[in-house]
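Close look at the chain arrangement
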Amino acid sequence: MRVPGSFLCLICLIAFPAAAVAAAPSTTPDTRTEVLAFVRAFTDAANRADVVAIMEMYDRSPDLLSVNDGAIARGWDAVREQANQVLGKQGQFTISAGSFDVIPLGANRALAVGPVVATVQTQRGPVQLDQVTTLVLEKRQGKWLIVHDHTSTKESDE
Amino acid sequence: MKPSRAWVCLLSFAVALAAASSSRAAGPEDEVRLFVQGYLNAANALDIATLMRMYAPGSGTTVVRNGTITYGWDAINAQAKRSIGIAVRDSFEVSAEDMRVTPLGPQNAYVVTPLILTEETPVGPNRRHGALTLIVEKRQGKWLILHDHTTLTPNP
């Protein structure tokens with residue numbers, strides 16, 4: 001069973017180290033803290049199979065692009081359809097995230113990247129999947145939203 | 001450490017995308033398209049030196065290939081050099097189309113494009129679809145890659 005990766009995201013963020021290039025922005029405590037909270041909320045919602053809460057965290061736009069193991073879902077409705085398929089099965093998987101890098105992209109946007117381990121319950125017992133998730137976030141009216149995500153799973157033969 | 005095939009794909013899929021890209025350069029979106037085209041051209045030419053100049057220097061730059069993260073410019077450079085051998089030895093073709101560039105303010109943008117990798121194998125061509133995400137930033141008038149995430153769909 002494969003689990004679409006965008007629903008198998010994150011948690012603990014770590015501060016992005018100061019960039020070597022002077023022009024690079026540093027991670028402000030507020031941005032890091034807010035993104036950390038966002039990611040924690042996202043993970044909690046995924047683990048309790050709360051599709052409504054998950055989808056409220058995505059940009060409600062037909063331009064939304066979500067990539068999962070190379071497949072691109074286009075638009076909020078398509079992402080919701082995926083979420084319904086996967087997250088309607090509470091208890092079949094859990095996710096835990098490793099250390100995430102957070103990079104501010106201007107005042108109201110951020111990039112978050114980090115490893116995620118998904119534990120999927122199968123008929124042969126639990127299976128662990130090593131994944132990496134990229135999130136592009138934008139803050140609108142005080143609320144962070146996912147405007148793009150990309151998750152990939154490590155291939156077993158790699 | 002075995003170089004990822006996903007890394008190899010980035011060393012080749014320039015042609016189709018470059019051909020499809022516009023040559024005009026009016027705004028940030030067009031600048032980014034040209035930047036990505038240059039990146040793909042360098043990759044297609046196996047020009048690692050040029051390619052690596054397009055990544056932001058420092059430890060914060062990240063590259064993801066099918067679920068594996070490489071942290072920092074130095075490690076990415078080493079990984080790219082290791083992949084060259086695979087790129088030369090393997091027979092493959094990558095095509096990409098429908099690249100989307102989305103500005104994130106005046107200095108940043110993200111790029112998403114689907115791609116197709118066709119590998120020649122003893123039993124015939126193996127065609128895999130995938131996708132590429134690039135997060136880029138303009139510093140001192142020059143676009144640089146902050147983050148690059150490439151995924152190929154799993155083999156059946």
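**Comments concerning the interface of chain B and chain A**
- Across the boundary between the two partners, chain B contributes 41 residues, which contact 43 residues of chain A.
- Counting each side, the surface lost to burial between chain B and chain A is near 3,000 Å², with a carbon and sulfur contribution of 61%.
- Across the chain B-chain A interface, the total number found is two salt bridges.
- Of the charged contacts in the structure, one is a salt bridge between Arg-128 of chain B and Glu-155 of chain A, with a shortest N-O distance of 2.4 Å.

**Things to note about the packing of aromatic side chains**
Residue and element names in this part refer to chain B.
- Tallied over the full model, the rule gives two aromatic pairs over all chains.
- With centroids separated by 6.0 Å and ring planes inclined at 70 degrees, the aromatic side chains of Tyr-39 and Tyr-55 adopt a geometry described as edge-to-face. One end of the pair, Tyr-39, is in helix H3 (residues 28-44); the other, Tyr-55, is in the loop between helix H4 (48-53) and strand E1 (62-65), and 16 residues separate them in sequence.
- Judged by its relative accessible area of 1%, Tyr-55 is buried.

**Observations regarding unusual backbone geometry**
- Here Gln-141 of chain A, not a glycine, exhibits a phi torsion of approximately 50 degrees, which is positive.
- Topologically, Gln-141 of chain A is positioned in the loop between strand E7 (125-140) and strand E8 (143-153).
- According to the relative accessible area criterion, Gln-141 of chain A is exposed, its value standing at 85%.
- At Asn-66 of chain B, a position not held by glycine, the phi torsion is positive, near 45 degrees.
- Locating Asn-66 of chain B in the fold gives a position in the loop between E1 and strand E2 (68-71).

Rules behind the numbers
Residues numbered from 1 in each chain as written. Chains lettered and ligands numbered in written order. Predicted model: local features only at pLDDT ≥ 70, side-chain atom pairs only at ≥ 80, totals over all residues. Heavy atoms only, no water. Contact = heavy atoms within 4.5 Å. Buried area = accessible area lost by both parts, 1.4 Å probe. Salt bridge = Lys/Arg side-chain N within 4 Å of Asp/Glu carboxyl O. Phe/Tyr/Trp six-rings, centres within 6.5 Å; stacked < 30°, edge-to-face > 60°. Helix = DSSP H or I, 4+ residues; strand = E, 2+ residues; numbered from the N terminus. Buried < 20%, exposed > 50% of the residue type's maximum accessible area, 1.4 Å probe, protein only.

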